[in-house]
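Descriptive analysis of the structure
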Amino acid sequence: MLILKTVSLEPLHGFGIGRRVEQVSQGVFKVNPGSLLTALQRLERAGWLDSEWRNTENSRRAKFYSLTRSGKKQLEIEEADWNRRASAVARLLRQEV
């Protein structure tokens, strides 16, 4: 869900995705590059991400990922599921003994 949300804002390369997740989460989420690559490949195989080789701002070639129409629908499903689960946890934490 975090990867899909990150690339929904703009196409990014793997390093940019990892950096954005770490920055926005204020360091709560640390992104392992190997795990990120595996996740990006899985999301691309599922049809939720497209990719293309482009030059970065440093003139290096990198694979940039963008959200597909199917990925947008999946992101909506995952956000709704996350909100439902987070609400349930919040209700449980507010319980009085």
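Residues numbered from 1 in each chain as written. Predicted model: local features only at pLDDT ≥ 70, side-chain atom pairs only at ≥ 80, totals over all residues. Heavy atoms only, no water.

**Quick word on the nonpolar core**
Core analysis: the biggest nonpolar cluster contains twelve residues, these being I3, L4, V7, L12, I17, L36, A39, L40, L43, L49, Y65 and L75. Secondary structure elements with two or more residues in this core: helix 1 (2-9) and helix 3 (33-45). By residue number, the principal contributor to this core is helix 3, which donates four residues. Contact partners of L43, with chain neighbours within four places excluded, come to I3, L4, W48 and L49. (Core = buried A, V, L, I, M, F, W, Y, C linked by side-chain atoms within 4.5 Å. Buried < 20%, exposed > 50% of the residue type's maximum accessible area, 1.4 Å probe, protein only. Helix = DSSP H or I, 4+ residues; strand = E, 2+ residues; numbered from the N terminus. Contact = heavy atoms within 4.5 Å.)

**What about the side chain of H13?**
When you line up the elements, H13 lands in strand 1 (residues 12-13). Beyond its immediate sequence surroundings of up to four residues, H13 is in contact with T56, E57, A62, K63 and F64.

**Describing the packing of aromatic side chains**
Inspection of the entire model under this criterion finds zero aromatic pairs. Above the face of the F64 ring, R54 is positioned so that its terminal group lies 4.2 Å from the ring centre. (Phe/Tyr/Trp six-rings, centres within 6.5 Å; stacked < 30°, edge-to-face > 60°. Lys NZ or Arg CZ within 6 Å of the ring centre and 35° of its normal.)

**Quick look at a nonpolar patch on the surface**
On the surface, M1, L2, V28, F29 and W82 cluster together into a nonpolar patch covering about 510 Å² of accessible area. Position of W82 relative to the elements: it lies in helix 4 (residues 69-94). (Patch = residues over 30% accessible without salt bridge, like charges linked within 9 Å, V, L, I, M, F, W, Y side chains within 5 Å. Areas by Shrake-Rupley, 256 points an atom, 1.4 Å probe, with all protein chains shown as cover. Salt bridge = Lys/Arg side-chain N within 4 Å of Asp/Glu carboxyl O.)

In short, the description is geometric, and any link to function would need to be established separately.
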